[in-house]
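Analysis of the macromolecular model
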Amino acid sequence: MRADSVEDYAAEIVKIQNKKLDFSAAVCGMTGSGKSTFAIQTGKAVSNLNKQKFSFEANVVYDRQSLFDAVSFQLPEKSVIVADEGINLLYKRESMTRGQIDLVKLFDVCRDRKMCVFFCIPQIHKLDKDIRDSHIKHWVQMYERGLAVVFGRDKNPAVKDPWHLMDNARRLYGWEHTPNVAKKSRNFRGMIRYAELGQDEEGEYLAVKHAKRISINDQDRILSLSAPEVKGKLYYLRLFYRDCKERLPEHAQGELLAWASELHEALLRKRRARII
């Protein structure tokens, strides 16, 4: 693979899906490096080739249950799912907890339904080793906004580390000066240029992102929160609206105001019921 564009990369992913296989990638980089933008742009391209719709509401998830639901039944086969910030789901584990057992089942469902999942996380080392070595097919490292470097898992069954992380720590010396050092890696697959989201798209993405993160639509959870927690989420939402209002499309502004009103009403109900 030597894809130069998101469209080329998406075509490679669809080829994998057409072989009745799933595709999972770890998209890595620090905050603001463009992980989510890359995953969304690639997800849109894959969805387009599969003649499916991609939306921030349905295809981008922020919690474990939403990921399981999207993979299992909410989305059609060959759909794309962006697990923004990795939702703390694939990080290193100390024991085989029930959640991790469920995670293994999740990848089984991904394979059966030929799903494409992008896990956005800060560093490849943060991934649970078993998941990283057995289920992640590509490691996509952000070099800078607009440029991603793709590494692929070594298919040699005899190697202990199919990502050669120790070796790559040496081979990628000078990474901060040029992305071309990545070509020295045995895992190197290619570099991809990608565009930023449009203004309206970014506004819609931010609106959905912040709404989902504070679980506004979950009335039961809102009512279970203490008054200070509700106040904190309401304050956070108001700050976000103030700072991002100019970038939000009109319908997203209306949704955010409605959600803020919902939180406010929840706070009033708690007061009337003498919960606080």
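The structure we're discussing is the one just above.
Below, the structure is looked at part by part. Just so it is clear, the structure is predicted and the values come from calculations on it, not from any experiment.

1. Observations regarding the sheet that holds strand 7 (residues 188-193)
Strand pairing within a sheet occurs via backbone hydrogen bonds; the two strands may be parallel or antiparallel. Pairing within the open sheet is mixed, and its 7 strands lie in the order 2-3-4-1-5-6-7. With one partner strand each, in any of the chains shown, strand 2 (60-61) and strand 7 form the two edges of the open sheet.

2. Regarding helix 2 (residues 35-49)
The first and last C-alpha atoms of helix 2 sit 21 Å apart over 15 residues, in line with the 21 Å expected at 1.5 Å per residue. For helix 2, a buried count of 12 out of 15 residues is recorded, marking the element as mostly surrounded by other parts of the structure. Taken together, the buried positions of helix 2 are K35, S36, T37, F38, A39, I40, Q41, T42, G43, A45, V46 and S47. Positive phi shows up at K51, right after helix 2, with a value of about 55 degrees.

3. Quick look at the packing of helix 1 (residues 6-18) against helix 2
Direction vectors running N to C along helix 1 and helix 2 enclose 55 degrees, while the axes themselves pass 8 Å from each other. In terms of orientation, helix 1 and helix 2 fall into the oblique class. The way helix 1 lies across helix 2 gives a crossing that is right-handed. Residues V6, Y9, A10, A11, I13, V14 and Q17 of helix 1 form the contact with helix 2, whose participating residues are F38, Q41, T42, A45, V46 and L49. Residue classes in the contact of helix 1 with helix 2 are distributed as 10 nonpolar, 3 polar and no charged.

4. Brief notes about the side chain of D161
With respect to the secondary-structure elements, D161 resides in the loop between strand 6 (147-152) and helix 7 (165-171). Comment: no salt bridge for buried D161; closest opposite-charge side chain is R132, at 5.0 Å. Separated by 2.9 Å, the side chain of D161 and the backbone nitrogen of W163 make a polar contact. For D161, the side chain forms a polar contact with the main-chain nitrogen of L165, separated by 2.7 Å.

5. Here we look at the pairing of strand 6
Counting buried positions along strand 6 yields 6 of 6 residues, so the element is predominantly enclosed. Burial along strand 6 is two-sided: L147, V149 and F151 and A148, V150 and G152, pointing in opposite directions, are all buried. Relative to strand 6, strand 5 (residues 138-144) runs antiparallel, the two sharing 6 bridges. Note on strand 6: the bridge partner recorded for H138 is G152. Here strand 5 folds back onto strand 6 in antiparallel fashion, the turn holding 2 residues, of which G146 has a positive phi close to 100 degrees. Relative to strand 7, strand 6 runs antiparallel, the two sharing 5 bridges. Following the sheet pairing, V149 is matched in strand 7 by M191.

6. A closer look at the environment of V208
When you line up the elements, V208 lands in helix 8 (residues 199-213). Here the alpha-carbon distance between V208 and F56, two residues 152 residues apart in the chain, equals 6.7 Å. Setting aside its immediate chain neighbours within four residues, V208 contacts F56 and E57.

7. Looking at the packing of aromatic side chains
Taken as a whole and assessed by the stated rule, the structure comprises 10 aromatic pairs. For the ring pair Y9 and F23, a centre distance of 6.3 Å and an interplane angle of 80 degrees mean the geometry is edge-to-face. Pair noted here: Y9 is in helix 1 and F23 is in strand 1 (residues 23-28), with a separation of 14 residues, a long-range link. Judged by its relative accessible area of 0%, Y9 falls in the buried class. An angle of 75 degrees between the planes, with centres 5.0 Å apart, marks the rings of Y143 and W175 as edge-to-face. Placement of the pair is Y143 in strand 5 and W175 in the loop between helix 7 and strand 7, with a sequence separation of 32 residues. Among the aromatic residues, ring-to-ring pairing joins Y9, F23, F38, F118 and Y194 into one connected group.

Cut-offs and rules
Residues numbered from 1 in each chain as written. Predicted model: local features only at pLDDT ≥ 70, side-chain atom pairs only at ≥ 80, totals over all residues. Heavy atoms only, no water. Pairing = 2+ DSSP bridges. Helix = DSSP H or I, 4+ residues; strand = E, 2+ residues; numbered from the N terminus. Expected span 1.5 Å × (residues − 1). Buried < 20%, exposed > 50% of the residue type's maximum accessible area, 1.4 Å probe, protein only. Axes fitted to C-alpha atoms, helices over the stretch in contact; angles between N-to-C directions. Parallel < 35°, antiparallel > 145°, perpendicular 65-115°, else oblique. Left-handed = near helix turned anticlockwise from the far one by under 90°. Contact = heavy atoms within 4.5 Å. Nonpolar A, V, L, I, M, F, W, Y, C, P; charged D, E, K, R; others polar. Lys, Arg positive; Asp, Glu negative; His and termini not counted. Salt bridge = Lys/Arg side-chain N within 4 Å of Asp/Glu carboxyl O. Polar contact = N/O pair within 3.5 Å; in protein donor to acceptor, adjacent residues only side chain to side chain. Phe/Tyr/Trp six-rings, centres within 6.5 Å; stacked < 30°, edge-to-face > 60°.

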